[in-house]
Amino acid sequence: MRVTDLRTIIVELPLARPTLNSSGVGHDRIRCVLVFLDTDVGVTGESFLFTNGGRRIEVLETMVQSLKPAVVGSDVRHAERIWDKLWRELYFLGHKGVTIFGLAAIDTALWDAKGKALNASFTSMLGSAHDRIPVYSSAGLWLSATPDELAKEAAGYVAQGFAGVKMRVGKKHIEEDVERVAAVRKAIGPKVSLMCDASRGFTADHAIRLGRKLEAFDLTWYEEPVPPYDHRGSGRVAAAIDTPIASGETEATRYGFREMLAHGSADIWMADLGRVGGVSEFIKVAHLAAAHDIAISNHLFTEPSLSILGAFANATWLEYMPWTAMLYRERMVIEDGHAVVPDRPGLGFTFDPDAIERYRVR
């Protein structure tokens, strides 16, 4: 079960609507580098990385390709051994950012290949804690929308079957955000979960003031209220308000989450499959969270994250973002507000060759 080749393809995917959050940087497309690990048993492990707006995707592709000599010839059943080998190889460049993205893409493809070779789903290989995960729509409700537009859009997501919706906050004046949240809560009613994402846009003081006013709307969580490097500030916010704080999408590896733990900076950990270091590291983060009774969710990478979350008892919500759905043969199934965890080999979703050719950049 050895890797015989590593291939990459870049695709560009248009977004149904432009994004805008408190960072002030919007985009109307993403570019992905698709990663393929071919094996001598006839299966191919698949994964991807992406950048907003397509900017600097070539940097990620180059990072992945630079690791090819270290992975070709390796046994796909030895993902942990390979992860450790690549970690050591990356010492000189460091263990955050681009290097970890590259490692993540290879590690995720290895796990996918292993499941396919063994004819086992990822979830079943790790114990199958869930066969369904509550799912919320993260597809819109951007900062550019008016309260009336937000209300109409949010009601539409509920009609599509989502158990929750996430909106962005980050207006200059607190009362503007309060008005926008009130409009969405009224539109979706009291039983649908509502998450608010500040997208790292506030100081701790501003986040606390807004967070206290938003408690009236029974939020499921208040996401990334402060910059990700300000663990102390996030801890201050978490201690000052009753609403759970969700964070972690920009953290690299178990060590980033260990730092969050030390500061009490979040009640819900949201691991990003690319930034965290792939499936192997997602597993460690999930177990670290479980050891401290912390719930986990995902950040983007919707399709592979669904299979991963199904393996852990402390998984709480799946973030649904439709940006990459068009790449896959299979479609995610939503029933009664829950995403059905696939029982297919590997991570459960495979790239569609026709879609790849349609969106291929080169």
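Residues numbered from 1 in each chain as written. Predicted model: local features only at pLDDT ≥ 70, side-chain atom pairs only at ≥ 80, totals over all residues. Heavy atoms only, no water.

**With respect to the overall build of the chain**
Right, on to step 1. Counting secondary structure elements, the chain contains 14 helices and 13 strands.
Right, on to step 2. Its C-alpha radius of gyration of 20 Å places the chain within 12% of the 21 Å reference for a compact globule of 362 residues.
Right, on to step 3. Principal axes of the C-alpha set define a box for the chain whose edges measure 60 × 40 × 35 Å.
Right, on to step 4. Across the 362 residues in the chain, those meeting the buried criterion constitute 59%. (Helix = DSSP H or I, 4+ residues; strand = E, 2+ residues; numbered from the N terminus. Rg over C-alpha atoms; globule rule 2.2 N^0.38 Å. Buried < 20%, exposed > 50% of the residue type's maximum accessible area, 1.4 Å probe, protein only.)

**What to know about unusual backbone geometry**
Right, on to step 1. The residue L141 is not glycine, and still its phi comes out positive at about 55°.
Right, on to step 2. Take L141: it is sitting in the loop between β4 (132-137) and α6 (147-159).
Right, on to step 3. For R200, which is not glycine, the phi dihedral falls at a positive 70°.
Right, on to step 4. Looking at the element boundaries, R200 is found in the loop between β6 (193-197) and α8 (204-214).
Right, on to step 5. Here R200 falls in the partly exposed class, since its relative accessible area comes to 26%.

**Points about the packing of aromatic side chains**
Right, on to step 1. The full count for this structure, using the stated rule, is 14 aromatic pairs.
Right, on to step 2. Note on F50 and W323: the rings are 6.1 Å apart at their centroids and 75° apart in plane angle, and the pair reads as edge-to-face. One end of the pair, F50, is in strand β3 (residues 44-52); the other, W323, is in the loop between β11 (315-320) and β12 (334-335), with 273 residues separating them in the sequence.
Right, on to step 3. Judged by its relative accessible area of 14%, F50 is buried.
Right, on to step 4. Accessibility expressed as a relative area gives 12% for W323, which makes it buried.
Right, on to step 5. Consider the rings of Y157 and F162, whose centres lie 6.4 Å apart with planes at 85°: the pair is edge-to-face.
Right, on to step 6. Ring pairs connect the aromatic residues F36, Y328, F349 and F351, which therefore count as one cluster.
Right, on to step 7. The lysine or arginine in question, R168, covers the ring of W142, its NZ or CZ lying 3.9 Å from the ring centre. (Phe/Tyr/Trp six-rings, centres within 6.5 Å; stacked < 30°, edge-to-face > 60°. Lys NZ or Arg CZ within 6 Å of the ring centre and 35° of its normal.)

**Observations concerning the pattern of salt bridges**
Right, on to step 1. For the coordinates displayed, the defined rule picks out 23 salt bridges.
Right, on to step 2. A salt bridge links E223 to K166; its shortest N-O distance comes to 2.9 Å. Of the two residues, E223 is situated in strand β7 (residues 221-223) and K166 in strand β5 (residues 164-168); the sequence distance between them amounts to 57 residues. Summarising the burial analysis for this pair, E223 and K166 share the class buried.
Right, on to step 3. Each member of the salt-bridge network shares a partner with another, and the members are E12, D28, R29, R31 and E58. (Salt bridge = Lys/Arg side-chain N within 4 Å of Asp/Glu carboxyl O.)

**So, the sheet that holds strand β2 (residues 29-39)**
Right, on to step 1. Strand order across the open sheet formed by three strands is β1-β2-β3, with antiparallel pairing between neighbours. The open sheet terminates on both sides in strands that have one partner only, identified here as β1 (3-14) and β3. On average, each strand axis in the sheet is tilted by 20° relative to the strand beside it, whichever way the strands run.
Right, on to step 2. Inspection of the sheet shows β1 paired to β2 by eleven bridges, in the antiparallel sense. Bridging across to β2, R7 finds its partner in F36.
Right, on to step 3. Sheet strands in contact with helix α1 (residues 57-66) are β1, β2 and β3, and its direction is about 170° off that of β1.
Right, on to step 4. Here helix α4 (residues 98-118) sits on the sheet in contact with β1, β2 and β3, set at roughly 150° to β3. (Pairing = 2+ DSSP bridges. Axes fitted to C-alpha atoms, helices over the stretch in contact; angles between N-to-C directions. Contact = heavy atoms within 4.5 Å.)

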